[in-house]
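Residue-level listing of the chains:
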Amino acid sequence: MLHHYLTIARRTLAKRKGYTFINITGLAVGLADCLLMVLFVQDELSYDRFHTDADQMYRVVLDGQAANAPRDRFAVTSLPIGIALRNNYPEVEAVVRMTTTEGRMQVGEQVFFDDDALLAEASFFDVFDFPLVAGEASQALAAPRSVVLSASMAERLYGSVDQAMGASVQHEDSLFTVTGVMADWPANSHMQADYLISANTMPIFRAEDDNSWLSVRFFTYLRLKPGTDAEAFEAKITGMVEENYRAVLDQIGLQTWLYLQPVPDIYLHSDRTAEIGPTSNIAYVYVFSAVALFLLLIACINFMNLSTARSMERAKEVGVRKALGSRRSALVRQFLSESVVLSVFALVLAAVLLLALLPAFNSLSGKTLGLMQLVQPWFVASLIGLTLVVGLLAGAYPALMLSGFEPLAILRGRFRSTRSGARLRQGLVVFQFALSVALIIATGVVYKQLAFMQNQNLGFTDEQVVLVDSGDNAAALTQQIESVKDEYRRDPAVMALSASVQVPGQDMFAQIVGPEGLAEGETRRAGLVLIDDDYVETYEIDVVAGRDFDDAFETDAGEAALLNESAVINFGFGTPEEAIGKRVAAGGVNRTVVGVIGDYHHLSLQQAIEPMMLIPSGMGYGMLSLRIRPENLDATLARLEQTWTQLFPEAPFAYTFLDDAFAEQYTAEQRLMRVFSVFAGLAILIACLGLFGLAAFTAEQRTKEIGVRKVLGATVGGIVLLLSRQFTILVLVGFAVAAPLAYFAMDRWLDTFPYATSMGIGLFVGAAVLAVLVAFSTVAYQAIRAALIDPVRALRYE
């Protein structure tokens, strides 16, 4: 019986090749896009869930808040917290403290520069389930100057894992012993490392009596014992810093809280300062899933629309079969089998499209999805299930409607397409284009906001500024800074240069300060930037009152400070002019305000400008900023590298342009814009496929009417407008439905930015015009074909 249904379905579909092609293509594109999103969402949700008992793994994080300041939320904590957790809480099974590092790895003549590395305690493998392929996990990081390599790095340095074990490797100026080789970490880990260095190589990790509770620059992870109530344990440790450091915290007016952050939640649910690696946002998972679902809905709507529109063509078939005794249930099964066969064909084409589009999708989304994900049982099952569901749902209404025709009325020629059926088709077209227009508007808003952020006046010069990161050579750069500056100043292309700890786009230090004039014990919080006396000039930041740092003033190095305008207001200093000469206590030093600079966006426009204090760096420099002339960039960069190599022969010339580095802060928005752009285009394509089929059907149904109108003198243009008007009105109705919904959704999205563009009426008008033009062009082709038919042939049409 099933074979009988499938045979009839195959023959029926083969007779209507155009209809079949449109349906299969639309469904295939919708399925392929939906499956790509399934892969993306599954990968996003899988982060860090490969660890055994991942639900017992947590990161300890710190919140701090000064009076009249926003709460700071750090991913890092201080070393004493890890010591206290290990020694005083029986609920804790294992704790590991670590920090990121980078540097030069050398074996013989081979030199590699790598920034994916961690300094970690020996308990690292007690907390995390990253397997070792060689070495003993409990001892691999126990001894100072031990290093554990990833399998790929071991092969790169030594040719094989076996040769790597026990070998020596030079990291910067120190010699380490390879005590373990670990399997390469999965891509869906929130942190990545090519090698681990034993933390007790650094003296600070060996000081078990360390008391720097507010030196927040270390990551603390723990594994709780089975059966431990995580919420109850978190309540026990929340006030740990307050309990152990209360006197100092009270003195500076700071409150602190500790929290447990589940490791599997870090990638999608963490927005803390100083993350160990790049993170995403659960909101984008929802957005991408919704967009994929929209595309699939549009594809299903195409199928339903064309199937119901073709009901007149199938009416006689239904009438004859019912007159010969066919039951309604048999007809339903027949029409559903056609729908499922169509879905299966679409699935095959979707699989081909999926393989073809996967590399482009990886580039678009920043993923490394491959064939392994496609052959997993859950994914194959999802493919089959989705195909059957789409086929059954998309064919359900047409099947029930077609099988319900009255045979007597059909055979007497009294059957007419119902008004409800026409309204349904019109409603589905409206829905399709409402979704398509909404995606177009969303794409436009994201693009406009991104352009607004990238083109906004930042308050400093970011063009033609070359940043050179000294990496682990910061000490050498600091020691030779005057020589370095002298060498580069000889280059006529270098207009200005500066050395600093941070540059625009990099996080500032959070500093609790005591401005003059506040009540005793009252404090403020400021972002601290450590610079030299050329920083303001190099970045062309406006000095609105007072002066810049000047090495002619000997006291500047240890006692001077620059404030931005927001700090002047926050500290209660009145005007910038009134702030000059005021004192600010910071880090145990009373500094004098010698100048006030204009507010500038040290971080991206995703964050509001906060109070800032700039002071001469007393801890060395890590970054070199060179503002260069725009002419002959290649030659200039070659000279800059040659000078660097002469000064630091063993250090790489790791450079980037500041505007490029600053733009990287908008990666999430750029990815969102690309995804919206691609999928909005696909939505329009799928919708137009359905519109193309409906227009062909409408033109066919009105063949005689067109012939009569042409005999009576109607022009081709008039007939085209007649046939196109209905669909154009439907598209405009779709726009009217989509516009307020898209405005509401995107207005809420823009509210997440402290500095946002306005949507403007032009964006909506442009979306409407684009949708109408695309729809009109699609329908006009069929309308012109119908209008050009010989009237004699049209009048003979049955």
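About the cut-offs
- Residues numbered from 1 in each chain as written.
- Predicted model: local features only at pLDDT ≥ 70, side-chain atom pairs only at ≥ 80, totals over all residues.
- Heavy atoms only, no water.
- Patch = residues over 30% accessible without salt bridge, like charges linked within 9 Å, V, L, I, M, F, W, Y side chains within 5 Å.
- Areas by Shrake-Rupley, 256 points an atom, 1.4 Å probe, with all protein chains shown as cover.
- Salt bridge = Lys/Arg side-chain N within 4 Å of Asp/Glu carboxyl O.
- Helix = DSSP H or I, 4+ residues; strand = E, 2+ residues; numbered from the N terminus.
- Buried < 20%, exposed > 50% of the residue type's maximum accessible area, 1.4 Å probe, protein only.
- Phe/Tyr/Trp six-rings, centres within 6.5 Å; stacked < 30°, edge-to-face > 60°.
- Lys, Arg positive; Asp, Glu negative; His and termini not counted.
- Charge placed at Lys NZ, Arg CZ, Asp CG, Glu CD.
- Polar contact = N/O pair within 3.5 Å; in protein donor to acceptor, adjacent residues only side chain to side chain.
- Contact = heavy atoms within 4.5 Å.
- Pairing = 2+ DSSP bridges.
- Axes fitted to C-alpha atoms, helices over the stretch in contact; angles between N-to-C directions.
- Core = buried A, V, L, I, M, F, W, Y, C linked by side-chain atoms within 4.5 Å.
- Arc of directions from axis to C-beta.

A. The arrangement of a nonpolar patch on the surface in detail. A cluster of nonpolar residues, V380, I384, L388 and L392, forms a patch on the protein surface that exposes about 320 Å² of accessible area. Assignment of secondary structure puts L388 in helix α15 (residues 377–403). Residue classification places L388 among the partly exposed residues on the basis of a relative accessible area of 41%.

B. Molecular detail of the packing of aromatic side chains. Enumeration according to the criterion identifies 24 aromatic pairs in this entry. Ring plane angle 10° and centroid distance 5.9 Å describe the contact between F124 and W185, whose orientation is recorded as stacked. One end of the pair, F124, is in helix α4 (residues 124–127); the other, W185, is in the loop between β8 (174–182) and β9 (195–198), and 61 residues separate them in sequence. W185 sits in the buried class, given a relative accessible area of 9%. Measuring from ring centre to ring centre gives 6.0 Å for F460 and Y539, while their planes differ by 80°; the resulting arrangement is edge-to-face. Separated by 79 residues along the polypeptide, F460 in the loop between α17 (419–455) and β12 (465–469) and Y539 in the loop between α20 (535–538) and β16 (543–546) bring together distant segments of the chain.

C. Focus on a negative patch on the surface. On the surface, D53, D55, E93 and D126 cluster together to form a negatively charged patch. Within the fold, D126 resides in helix α4.

D. Broad picture of the side chain of S270. Inspection of the secondary structure assignment puts S270 in the loop between α10 (266–269) and α11 (282–309). Judged by its relative accessible area of 6%, S270 is buried. Within the local environment of S270, its side chain forms a polar contact with the side chain of R59, the two groups lying 3.4 Å apart. Apart from residues no more than four positions distant in its own chain, S270 is found in contact with R59, Q261, D265, E275 and T279.

E. Molecular detail of the sheet that holds strand β21 (residues 623–628). The strand order across the open sheet built from 4 strands is β13-β21-β12-β22, with neighbouring strands paired in antiparallel fashion. Lying at the two open borders of the sheet, with one neighbouring strand each, are β13 (494–500) and β22 (655–657). Each adjacent strand pair in this sheet contributes to an overall mean axis angle of 20°, direction not counted. With 5 bridges joining them, β12 and β21 adopt antiparallel strand pairing.

F. Just the pattern of salt bridges, in detail. Tallied over the entire structure, the rule returns 18 salt bridges. Where R223 meets D129, a salt bridge forms, and the shortest distance between an N and an O atom there is 3.6 Å. Of the two residues, R223 sits in strand β10 (residues 219–224) while D129 sits in the loop between α4 and β5 (132–134), which places them 94 residues apart along the sequence. For R223, a relative accessible area of 5% corresponds to the buried category. Between D534 and K485 there is a salt bridge, and its shortest N-O distance comes to 2.8 Å. Within this pair, whereas D534 is found in the loop between β15 (524–531) and α20, its partner K485 is found in helix α19 (residues 481–489), the two being separated by 49 residues in sequence. Considered together, D534 and K485 belong to a single accessibility category, that of buried residues. Linked by salt bridges that have partners in common, K485, R489, D532 and D534 make up one network.

G. Structural view of the nonpolar core. Core analysis: the largest hydrophobic core is formed by 112 residues, its most contacted members being Y539 and L614. Among the elements that make up this core, the one with the highest residue count is α17 (14 residues). When near neighbours in sequence (up to four residues on either side) are disregarded, Y539 contacts F460, T461, V465, L467, V503, P504, S625 and L658. A94, F125, L141 and I266 belong to the second largest nonpolar core, which has 27 residues in total.

H. Spotlight on helix α5 (residues 151–158). For α5, the full list of buried residues reads A151, M153, A154, L157 and Y158. Down the axis of α5, the buried side of the element spans an arc of 160°, and every buried residue falls inside it. Remark: G159 follows α5 within two positions and exhibits a positive phi of approximately 95°.

I. Highlighting the pairing of β13. By the criterion of burial, β13 is predominantly enclosed, with 6 of the 7 residues buried. Looking at chain direction, β13 and β21 are connected through 6 bridges and run antiparallel. Residue pairing in the sheet places A499 in a bridge with L624 of β21.

J. Focus on the pairing of strand β19 (residues 589–597). Both β16 and β19 contribute to a ladder of 3 bridges, which runs antiparallel. The residue bridging G546 from the neighbouring strand is G595, located in β19. Sheet analysis places strand β17 (residues 560–564) next to β19, joined by 5 bridges and oriented parallel. Counterpart to N564 in the pairing with β19 is I597.

Function cannot be inferred from these measures alone, as they are strictly geometric.
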